[in-house]
Amino acid sequence: MSKKPVTQPALHKVIMVGSGGVGKSALTLQFMYDEFVEDYEPTKADSYRKKILLDGEEVQIDILDTAGQEDYAAIRDNYFRSGEGFLCIFSITEDESFQATQDFREQILRVKNDENIPFLLVGNKCDLEERRKVTYQEASDRAKQWGVTYVETSAKTREHVDKVFFDLMREIRARKMEENKTNNGRGKDKNKRKKIKCVIL
Amino acid sequence: MDFESPDVMKDFPGLYASEIHKTKSNDPEYSDDAEKVTKKDILIGKRKDKKDKKDKERGYAALEGESSAEESYEVRSPSKSKKSKSFKFPTKSREKREKSREKDKEVTEKKKDKDKRTDKKIEKDKEKCKLEKKEKRIKSEDWCDIGEVLPIFGVSLKLAIEHGRCHDGIDLPVPVRACIEYIEDYGLSFENVYKVSGPKSKVLHLKKLYNQREHVNLLDYDVPTVTSLLKMFLRDLPEPVFTSDLLIRFEEAGAILNVAVREKHLKILVGNLPESNRLLLSWIIVHLYNVTLNERCNKMNVQNIALCLSSTLQTSQRLLTSLLFHCPALFPNTVLEHYVYPLTSTSQLPDDPEVMEQELLKQESLLAQIHSEMNVGFISKQREELLWEVQRIITQLKRKLKTAHKDREMLFEKIDEQHVEETVENEAERSTTPTISSEAEVQSECVEETRVIETDATAEAPVSDAKLSDSSSCEKSSLKEVEPPEVPVSVPENKLLNNALALLQIKNTFLNNLKESF
């Protein structure tokens, strides 16, 4: 395999964050296995890997589904550090979860120390329009303020589920390409270049 | 000073001469007297003079010699200069001045050299710093530090267990488990096992690998190296396995002559040991006992083992001998279980729910360890990779377990439903079967024939078997009306069986009729 780095698909690491019960696991499971689980079971941490076609290119996606509860905050940093892109999820039926996204955003920026980290603000449970507490405008304003995109999803109906994952992966890929370019531009360290090539191709 | 007496001088001129020199060098005022002595004392004179000359020549040589002797000259100069006065007055001073100039020059040169050197040193230091920085970079990437900050060797047993945790619930440091396992498998028949030691470089390398949590395959090494590694671990423990508090009492107990009393005392003391110490001691003694059981092959009897390992375990041979002697009584329940490492992503997950649950515990223990190590600051790409991998395995295991449990529940539910269905069917049997069979007759004959034969066979088989085979296809059979004969066969009641038999008879006659007509 090492001789043919081309055959090794790129790996993008996505982390799901958000308060408890907003549907992080539901989104993940819907994306991974096309299933919707009604019964709620708090997640401690779960990780999935899937091979997908991203714009005709075979890539692997690693999804880390984190705990919404503060109880597991201690181990969260370890995961955040290794994430390449983040889906910050709240429930449009719960204002508190929307407010909490601010904290999550700050935490991620603190750990990653990078303003331009691939990041999507996701309002889940958009099938429950009648119970909506967070308006679309409100959410998209915040997203604008952060310089990120806002998408509304429904893990139940699978609306926009693929979209959020694929959009994020495109962002991650673009980001990696950029980094690769700057690194190649420097061109000081051959080994480094090689290493990066391995990762990208 | 007795040496000052002339007799002694006669007897030991050499001694005296050296003495004079010493006094000369120590006391400069004495130099003239010394001259007098050399002139007056003819008895000693010749030899002494020679000696003096020799010495002075030496000194002179040193003075006029190469500049490399600069420093020695400096040290000697105060006394030498006075000595030299007595021999070569005029030249000396000039020479000396010249020398001093030269010296100065040389000193400056040296200083320059030194400066250069220091410059070089600084450069070297810089280089070193760079290297160190590079190393640090590498370290931060490759978790090299972990062996220095959280080592398994050379720390207390408690920490060693914590740092090198086995994730299967038997809390011994990984290297101990691995070494014992290896020696139990490959070393029991090795001649002079534990007596022969392995090459130190290899042992140290293994130690380093374990300290840095790298994957170690002991099969790449030989028995002496592995025994030496285990011995090194035990020797490096800051406290003996018997604990500092209990060691003396252990020794006392080991020295008791009465076998029964000794055993009793040792048992109590073993019971008093902290959990981890007791576990380690039990494994080591049981393992060494196994070694001595193979005395014929490995030539290591109890005495030899005790001799080889008493210092390692920081005890006396006597205590070790008695522990080995009482091993079966002291540690009857110790089983040296093989340690199976947690699965990696490349290996296939188990299917048996019980094995899955065990594996899940292991993986969770491993995950907790990775988290704790990361929280201390050991963060590297490989570490993060491992973290995700372990997390993924845990998720997969959980999912698999869930589905397994669900399947089981479904199965039970099905069986329950089956019973309900059966009772319902029993009642509806008489009315439904004829219609079904009539419909079935429309189907092609060949299929029917084989079916009939099959059902004939199963009808005679025990009812329970038929029920089992049918329970899975229960839903299908109830949905598809094409399989009428199976329904009655699966029902245990006699009435139903009779019904079935009657049905079969009808069918057979029908078929026979058909055949005849053809």
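Residues numbered from 1 in each chain as written. Chains lettered and ligands numbered in written order. Predicted model: local features only at pLDDT ≥ 70, side-chain atom pairs only at ≥ 80, totals over all residues. Heavy atoms only, no water.

Bringing unusual backbone geometry into the picture now. Residues and elements named next belong to chain A. In this model, Asn 113 sits at a positive phi of 55°, which is unusual for a non-glycine residue. With respect to the element layout, Asn 113 can be found in the loop between helix H3 (95–112) and strand E5 (119–124). Overall, the relative accessible area of 69% leaves Asn 113 in the exposed class. Phi is positive for Arg 158, which is not a glycine, with a value near 70°. One can find Arg 158 in the loop between strand E6 (149–152) and helix H5 (161–186). (Helix = DSSP H or I, 4+ residues; strand = E, 2+ residues; numbered from the N terminus. Buried < 20%, exposed > 50% of the residue type's maximum accessible area, 1.4 Å probe, protein only.)

Another aspect to go through is the interface of chain A and chain B. With 24 residues of chain A at the interface, the matching set in chain B holds 16 residues. Counting the surface lost from both chain A and chain B, the interface buries some 1,700 Å², and carbon and sulfur atoms represent 48% of this. Of all residues in chain A, A:Ser47, A:Asn78 and A:Tyr79 bury the most surface against chain B, accounting for 31% of the area lost on that side. Inspection of the chain A/chain B interface yields four salt bridges. Residues A:Lys13 and B:Glu385 are paired through a salt bridge, measuring 3.4 Å at the closest nitrogen-oxygen approach. Scanning the region where chain A abuts chain B turns up twelve residue pairs in polar contact (both at pLDDT 80 or more). Secondary-structure elements contributing two or more residues to the side of chain A that touches chain B are strand E1 (10–18), helix H1 (24–33), strand E2 (45–54), strand E3 (57–66) and helix H2 (73–82) of chain A. In terms of residue count, the dominant contributor to the side of chain A that touches chain B is H2(A) (six residues). (Contact = heavy atoms within 4.5 Å. Buried area = accessible area lost by both parts, 1.4 Å probe. Salt bridge = Lys/Arg side-chain N within 4 Å of Asp/Glu carboxyl O. Polar contact = N/O pair within 3.5 Å; in protein donor to acceptor, adjacent residues only side chain to side chain.)

In short, the description is geometric, and any link to function would need to be established separately.
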